[in-house]
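# Notes for the structure review
Okay, here's what each chain looks like letter by letter:
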Amino acid sequence: MADAASQVLLGSGLTILSQPLMYVKVLIQVGYEPLPPTIGRNIFGRQVCQLPGLFCYAQHIASIDGKRGLFTGLTPRLCSGVLGTVVHGKVLQHYQECDKVEDLGPGNVQKEVTPSFDQVIKETTREMMARSAATLITHPFHVITLRSMVQFIGRESKYCGLYDSIVTIYREEGILGFFAGLIPRLLGDIISLWLCNSLAYLVNTYALDSGVSTMSEMKSYSQAVTGVSFLKPP
């Protein structure tokens, strides 16, 4: 319980600190270019036209909405992060409890062994289920977060608060509106998880000494690559 609380607090702090850059990233991804390109130099020293960087975009937003405007969409993003962390942890905890019951059975000896491909499939499947459950539960907050950020482009005010955003989406699009874009988000998470865990298994099996190729260390490698914490940005 203490570990879950510490993860939530740490993740919430990182979410708050990273919100301005997250806001800028979303606007750049949707093609919003409010500032003209400037003349700069590339890594080869040649003069090229460059779009403004993250901090220039942040200054532009602050000049219009103030510094508080840089934290647009923070509330639903915090809700998404906290709820996602809890759901993700509960699902994995359920699987761990099932393993403990099996380990306590007669003739079972609990030990850590070099992971076989079957173990990798088992662990990855569990992680996939945990991530998918968290994504499904938190996706409405993800939709609200993105829409509240993107409306800066047209200077709209449809998604001003969490409650008003929920009412607006439900009135205009119904329940399905809260799950817009769910399928590609799920597919992206699942594909990246399986690719990275498979790569971690191959590295542990063929590139590292067998003495360090344990399941716990393989999980730490894959977590470092994929960022398993569910408090990642949308």
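Residues numbered from 1 in each chain as written. Predicted model: local features only at pLDDT ≥ 70, side-chain atom pairs only at ≥ 80, totals over all residues. Heavy atoms only, no water.

If you look the protein chain up in an unreviewed UniProt entry, it shows as Mitochondrial carrier homolog from Lynx pardinus. UniProt's Sequence similarities (unreviewed entry) comment on the protein chain is quoted here verbatim: "Belongs to the mitochondrial carrier (TC 2.A.29) family." What UniProt records for the protein chain under Subcellular location (unreviewed entry) is the sentence "Mitochondrion outer membrane". (UniProt positions renumbered as here; feature names shortened; annotations may be inferred.)

## A closer look at the nonpolar core
Among the nonpolar cores identified, the biggest contains 12 residues, and these are Met22, Tyr23, Val24, Val26, Leu27, Tyr32, Tyr57, Ala58, Ile61, Leu70, Met149 and Phe152. Secondary structure elements with two or more residues in this core: helix H1 (2-29) and helix H2 (54-65). The leading source of residues in this core is H1, at five residues. Apart from residues no more than four positions distant in its own chain, Tyr57 is found in contact with Val24, Ile28, Tyr32, Glu33, Pro34 and Pro52. Counting five residues, the second largest nonpolar core, distinct from the first, contains Ile144, Tyr159, Ile169 and Phe178. (Core = buried A, V, L, I, M, F, W, Y, C linked by side-chain atoms within 4.5 Å. Buried < 20%, exposed > 50% of the residue type's maximum accessible area, 1.4 Å probe, protein only. Helix = DSSP H or I, 4+ residues; strand = E, 2+ residues; numbered from the N terminus. Contact = heavy atoms within 4.5 Å.)

## Some details on the environment of Ser132
Relative to the assigned elements, Ser132 resides in helix H4 (residues 117-150). Sequence-wise, Ser132 and Val87 are 45 residues apart; in three dimensions their C-alpha atoms are separated by 9.8 Å. When neighbours within four sequence positions are excluded, Ser132 is seen to be in contact with Leu186 and Ile190.

## Quick notes on the layout of surface pockets
There is about 300 Å³ of room inside the second largest pocket. For the lining of the second largest pocket, the secondary structure elements donating two or more residues are helix H3 (74-103), H4 and helix H5 (162-173). Of the residues belonging to the lining of the second largest pocket, the class tally is seven nonpolar, eight polar and three charged. (1 Å grid on protein atoms, 1.4 Å probe; cavity = no way out; pocket = protein on both sides within 12 Å on 5 of 7 lines; lining within 4 Å. Points joined across faces, edges and corners; volume = space filled by probe spheres on them. Nonpolar A, V, L, I, M, F, W, Y, C, P; charged D, E, K, R; others polar.)

## A short note on the pattern of salt bridges
As enumerated under the stated definition, the model contains four salt bridges in all. Here Glu127 makes a salt bridge to Arg131, at a shortest N to O gap of 3.2 Å. With Glu127 and Arg131 both in helix H4 and four residues apart, this pair spans about one turn of that helix. One exposure class covers both Glu127 and Arg131, and it is buried. (Salt bridge = Lys/Arg side-chain N within 4 Å of Asp/Glu carboxyl O.)

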